[in-house]
Amino acid sequence: MPDLHELLRSLRVWDPAVTDLPPFDPAAAPAEPLPLFTQWFAEAVAAGQTEPHTVSLATADEAGLPDVRIVMLHGADADGWSFATHAGSRKGRQLAARPYAALGFYWPVLGRQVRVRGPVTVAPPEEARTDLHARSTGALAAALTGRQSEVLESVEQLAEASEAAWERARREPEAPVPSWTLYRLRPDEVEFFQGDARRRHVRLDYRRTQGGWDRHLLWP
């Protein structure tokens, strides 16, 4: 059995052999966060970041207790940052009870983080259908399997349901999944974090106002 504490002490953040910490001048940043997010996302892709579109989604249940998991970013535009799930899943139920969430992107190849938080709305059903059917057969099969977050009796039960879902997805590439829901987080706040080798990290925080966005720096 490995010693967890020894493993933790052996690790280093932002190894120069695999990490490039680019300079970031907050004074040159755009007036709104979306263009900067788009630029940083493209740079993460170009730098070879593995799965840069995966993001931590934090929600709270009816009692206010926090929850977090990794989801996939489906888009980001003037309407907000988009992700999808079944309405009856744990996160779907939590968003129905408390329609507010936070997203956390981490791109270690560049020492960058982006934090986004704000109210969440449900996109029209036709947009959810279009989004789902534009994805892979596997994505549709997973959605058709359904019952997300319910108690599973056995791995054999999952295998049987998944196989049936894959067969239907291949046979009906436009098969409807009524519970599949596209959500949009319209940010009140977006923070950009650029790591620095001397720990002089740059944190630029955007906050929405009635007239647009305010920007200010945060201590690291």
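Position numbers for residues count from 1 along each chain, tracking the sequence in the order it is written. Note on the predicted model: pLDDT of at least 70 is required for a residue's local features to be given, and 80 or more for side-chain atom pairs to be given and counted; whole-chain, interface and lining totals, by contrast, use all residues. For the side-chain quantities, the full set of heavy atoms in the structure was used; hydrogens and water were omitted.

Caption draft 1: Looking closely at the packing of helix α5 (residues 137-145) against helix α6 (residues 155-171). Structural elements are reduced to axes, namely lines fitted to C-alpha atoms, with helices fitted over the stretch in contact, and the angle between N-to-C directions of any two is expressed from 0 to 180 degrees. Each helix is a run of H or I in the DSSP string that is no shorter than four residues. Each strand is a run of E no shorter than two, and both are numbered from the N terminus. Look at α5 against α6: their axes get within 8 Å of each other, and the N-to-C directions meet at 130°. By the criterion of interaxial angle, the relationship of α5 to α6 is oblique. At the point where α5 passes α6, the crossing takes the right-handed sense. Seen from α5, the contacting residues are Thr 137, Gly 138, Leu 140, Ala 141, Leu 144 and Thr 145; seen from α6, they are Leu 158, Ala 161, Ser 162, Ala 165, Trp 166, Arg 168, Ala 169 and Arg 170. Under the convention adopted here, Pro, Cys and the residues Ala, Val, Leu, Ile, Met, Phe, Trp and Tyr are nonpolar, Asp, Glu, Lys and Arg are charged, and Gly plus all remaining residues are polar. Residue composition of the contact of α5 with α6, grouped by class: eight nonpolar, four polar and two charged. Angles below 35 degrees are treated as roughly parallel, those above 145 as roughly antiparallel, those between 65 and 115 as roughly perpendicular, and all remaining angles as oblique. A crossing counts as left-handed when the near helix is turned anticlockwise from the far one by less than a right angle, and as right-handed when that turn is clockwise. Whether two residues are in contact is decided by their heavy atoms, any of which lying within 4.5 Å being enough.

Caption draft 2: Structural detail: the pattern of salt bridges. A pair is scored as a salt bridge if a Lys or Arg side-chain nitrogen falls within 4 Å of a carboxyl oxygen belonging to Asp or Glu. Evaluated as defined, the whole model comprises 14 salt bridges. One salt bridge connects Arg 112 with Glu 43, and the closest N-O pair in it is separated by 2.6 Å. Of this pair, Arg 112 sits in strand β6 (residues 112-122) while Glu 43 sits in helix α2 (residues 33-46), placing them 69 residues apart in sequence. Each residue gets one of three labels from its accessible area relative to the maximum for its type: buried under 20%, exposed over 50%, partly exposed in between, using a 1.4 Å probe on protein chains only. The exposure class of Arg 112 is buried, given its relative accessible area of 4%. Put simply, Glu 150 and Arg 147 hold a salt bridge, and the shortest N to O gap is 3.0 Å. Classification of Glu 150 by relative accessible area gives partly exposed; the value is 48%. Classification of Arg 147 as exposed rests on a relative accessible area of 53%. Beyond isolated ion pairs, a larger network of salt bridges with shared partners links Arg 117, Glu 189, Asp 205 and Arg 207.

Caption draft 3: Geometry of the pairing of β6. Strand pairing requires that DSSP identify at least two bridges connecting the strands. Pairing geometry for strand β5 (residues 100-107) and β6, over eight bridges, is antiparallel. Bridging across to β6, Tyr 100 finds its partner in Pro 119. Joining the antiparallel neighbours β5 and β6 is a turn of four residues, in which Gly 111 adopts a positive phi near 65°. Sheet topology places β6 next to strand β8 (residues 189-194); six bridges connect them, and they run antiparallel.

Caption draft 4: Summary view of the packing of aromatic side chains. Aromatic rings from Phe, Tyr and Trp, taking only the six-membered ring of Trp, are treated as a pair when their centres fall within 6.5 Å; an angle between ring planes under 30 degrees marks them as stacked, one over 60 as edge-to-face, and anything in between as tilted. One pass over the structure, following the stated rule, counts twelve aromatic pairs. Judged by centre distance (6.0 Å) and plane angle (75°), the rings of Phe 41 and Trp 107 are edge-to-face. With Phe 41 in helix α2 and Trp 107 in strand β5, the pair connects residues that are 66 residues apart, well separated along the chain. Three or more aromatic residues joined by ring pairs make a cluster, and in this case those are Phe 24, Trp 40, Phe 192, Tyr 206 and Trp 213.

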